[in-house]
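# Secondary and tertiary structure notes
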Amino acid sequence: MIRRSDAHLAMRSHALQTVVAETGTMTLTATTTGFTRADAGSFISDGFAPGMEVTPAGFTSNTVAMITAVTASAITIKGTRAAEASGAGRSLTVYLPAARAFSNERFEKPKQGNYLEEDFVPATNALKTLPADGGDVEETGLYVLRIFGYGPVGLLALHGYADGVREQFAPGTAITTTRGDVLRVRTDTSVIASEILPLDTGWSVVTVTVPWWARTVNAVAA
Amino acid sequence: MTWDTDLTHFIVKLDEDAKAVFVNAAAAVQDSIQNGSVITGARGQPVGQYGPGYHEGEVGGTLKASWQMELIDEDHARVYTNEVYAPMNEYGVRPDGLPYRQRSTVGGRHSVALTIAGWQNIVNNEAAKLQGFADSRTGYANEDGG
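What counts and how
- Residues numbered from 1 in each chain as written.
- Chains lettered and ligands numbered in written order.
- Predicted model: local features only at pLDDT ≥ 70, side-chain atom pairs only at ≥ 80, totals over all residues.
- Heavy atoms only, no water.
- Helix = DSSP H or I, 4+ residues; strand = E, 2+ residues; numbered from the N terminus.
- Buried < 20%, exposed > 50% of the residue type's maximum accessible area, 1.4 Å probe, protein only.
- Contact = heavy atoms within 4.5 Å.
- Areas by Shrake-Rupley, 256 points an atom, 1.4 Å probe, with all protein chains shown as cover.
- Buried area = accessible area lost by both parts, 1.4 Å probe.
- Salt bridge = Lys/Arg side-chain N within 4 Å of Asp/Glu carboxyl O.
- Polar contact = N/O pair within 3.5 Å; in protein donor to acceptor, adjacent residues only side chain to side chain.
- Patch = residues over 30% accessible without salt bridge, like charges linked within 9 Å, V, L, I, M, F, W, Y side chains within 5 Å.
- pLDDT = per-residue confidence, 0-100.
- Expected span 1.5 Å × (residues − 1).
- Pairing = 2+ DSSP bridges.

The number of helices and strands found in chain B is 5 helices and 2 strands. Taken from the N to the C terminus, the helices and strands of chain B come in the order α-α-β-β-α-α-α. With 146 residues in all, chain B has 35% of them scored as buried. Here the contacts in chain B between residues at least 6 apart in sequence split such that 50% fall between residues at least 24 apart. Accessible surface, chain B: about 8700 Å² in total, of which carbon and sulfur atoms supply 55%.

With that settled, consider the interface of chain B and chain A. Chain B puts 23 residues into the contact, and the matching count from chain A is 25 residues. Together chain B and chain A conceal approximately 1800 Å² of surface at their shared face, both sides included; 60% is due to carbon and sulfur atoms. It is Y91(B), H110(B) and A117(B) that lose the most area in chain B upon contact with chain A, and together they represent 29% of the buried surface on that side. The interface formed by chain B and chain A holds 1 salt bridge in total. R109(B) is paired through a salt bridge with D119(A); the nearest N and O atoms lie 3.1 Å apart. Between chain B and chain A we count 11 residue pairs in polar contact (both at pLDDT 80 or more) in total.

Attention shifts here to the pattern of salt bridges. Residue and element names in this part refer to chain A. Tallied over the entire structure, the rule returns 20 salt bridges over all chains. Two residues, D6 and R179, come together in a salt bridge whose shortest N-O distance is 2.5 Å. Residue D6 is located in helix α1 (residues 4–15), and its partner R179 is located in the loop between β11 (174–176) and β12 (182–185); the two are separated by 173 residues in the primary sequence. Residue R179 is classed as exposed on the basis of its relative accessible area of 52%.

What follows is about the environment of Y143(A). Residues and elements named next belong to chain A. Along the chain, the position of Y143 falls in strand β10 (residues 136–150). For the pair Y143 and V54, spaced 89 residues apart in sequence, the C-alpha separation works out to 25 Å. Excluding anything up to four places from it in sequence, Y143 contacts H8, M11, R12, A15, E118, D119, F120, F169, V208, T209, V210 and W212. At a separation of 2.6 Å, a polar atom in the side chain of Y143 contacts the side chain of E118.

Moving on to a nonpolar patch on the surface. Taken together, the side chains of W3(B), L7(B), F10(B), I11(B) and L14(B) present a nonpolar region at the surface, about 560 Å² in accessible area. As for its placement among the helices and strands, I11(B) is situated in helix α1 (residues 3–35).

Peptide bonds are mostly trans, and most non-glycine residues show a negative phi. With an omega dihedral of 0 degrees, the bond running from L130(A) to P131(A) counts as a cis peptide bond. Even without a glycine there, the phi angle at N104(A) is positive, about 60 degrees. With respect to the element layout, N104(A) can be found in the loop between β8 (100–101) and β9 (115–127). Residue classification places N104(A) among the exposed residues on the basis of a relative accessible area of 85%. Of note in the backbone geometry, H110(B) takes a positive phi value of approximately 60 degrees without being a glycine. Within the secondary structure layout, H110(B) lies in the loop between α3 (86–91) and α4 (111–117). H110(B) gets classed as buried once you look at its relative accessible area, which sits at 3%.

All right, on to the confidence of the model for chain B then. All names here are of chain B. Averaged over every residue, the pLDDT of chain B is 86; residues scoring 70 or more account for 90%. Between the elements of chain B, mean pLDDT differs from a low of 92, seen in α3, to a high of 97, seen in strand β2 (residues 76–80). For residues 142–146, every residue scores under 50 in pLDDT, and the model assigns this stretch 9 contacts once sequence neighbours within four places are set aside. Among the prediction metrics, the complex's ipTM stands at 0.84, with pTM recorded as 0.88.

Another point: helix α2 (residues 156–168) of chain A. The α-helix winds at 3.6 residues per turn, so residues separated by three or four positions along the chain end up facing the same way. All names here are of chain A. Compared with the 18 Å implied by 1.5 Å per residue over 13 residues, the 18 Å span of α2 between its first and last C-alpha is a close match. Taken together, the buried positions of α2 are occupied by A157, L158, G160, Y161, A162, G164, V165 and Q168. Where α2 is buried, its residues contact α1, β4 (53–57), β7 (84–94), β10, β13 (192–193) and β15 (203–217).

Residues and elements named next belong to chain A. Mapped onto the elements of the fold, T173 is located in the loop between α2 and β11. In terms of polar contacts, T173 uses its side chain to reach the backbone carbonyl oxygen of A170, at 2.6 Å. When sequence neighbours within four positions are dropped, the list of residues in contact with T173 reads H14, Q168, L183, R184 and V185.

Quick look at the pairing of strand β6 (residues 74–77) of chain A now. Residues and elements named next belong to chain A. Where burial is concerned, the two faces of β6 differ: the one with I75 and I77 is buried and the one with A74 and T76 is not. Across 3 bridges, strand β3 (residues 34–36) lies against β6 in antiparallel orientation. Its bridge partner lying in β6, F35 is registered against I75. With 3 bridges joining them, strand β5 (residues 65–70) and β6 adopt antiparallel strand pairing. In the sheet register, V70 faces β6, and the bridge partner there is I75. The hairpin formed by β5 and β6 contains 3 residues between the paired strands.

Printed below as a string of structure tokens:
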């Protein structure tokens, strides 16, 4: 049978590779209020939206910042940053929120920022082939991510985060644990993203549920 | 008995069995969400457990009892709740944004998602029970067909 800790960590690791929006490597300029581009591309088309956390790369300062406004050629961030002249080899990327409430780990909720919670939910466990010793065991379960966004910033950020996770866990995706067991995103019932649920305190949350299954070899103790 | 008669009987039996599986599966979906199920892995709905120092005098079970099953027609059923806080329990969030902590010693989260994910198991099990291949105590299909 698959080790639960292996499966949980594998799903988490795969989730953290999610890219929600990205420019790719290109020429970008940093202003005191954000970033600009001069090519024919569009930050909007690339998926950037107010309420997302943007991670710069290739600049002198690569501090993660909260996006407050987006046009085709400009991203405005919360607060200020150091201006940097136009340069090539740079990128802007949105990953899952940096603040993460992982299972049974200490977490301090940000005062006014995005954060992530997770659940690993084992479900069924059944022997599928005989004999029992050496037969196939099929296990199923869910991996659930709750993405909290601080608003009001509109719907694009949370839907964007949810879509990023849905793409990362596309039906049939294989996720390999450190021991070589393989979990797969189910194809008969696949990833579901909830509605955006508004909460009382300025946050809204979207829940993405990933159903998985795995087949391993059963071993009956002597 | 002629071939035609046999075929007619078979078609009628098949139709009856299909309807029976559908109705029983719909009931099993409700049961899975409400009470949990070993077939789907759903935990069922938590039940508020109140007493001295915590909502004293209140009685739990409102959310669990709120889940209903409605047979719409011979092909459709609906399992639903009208409790406004049902999504909160399903997803594991609180309206105030504080961490969700389950006080109930029964039930859990994600019962709807687990039931949806376990739908084919529900159907397979109900079909097996109809054919007499299931243990009536557990609802599990028996390997020996008994």
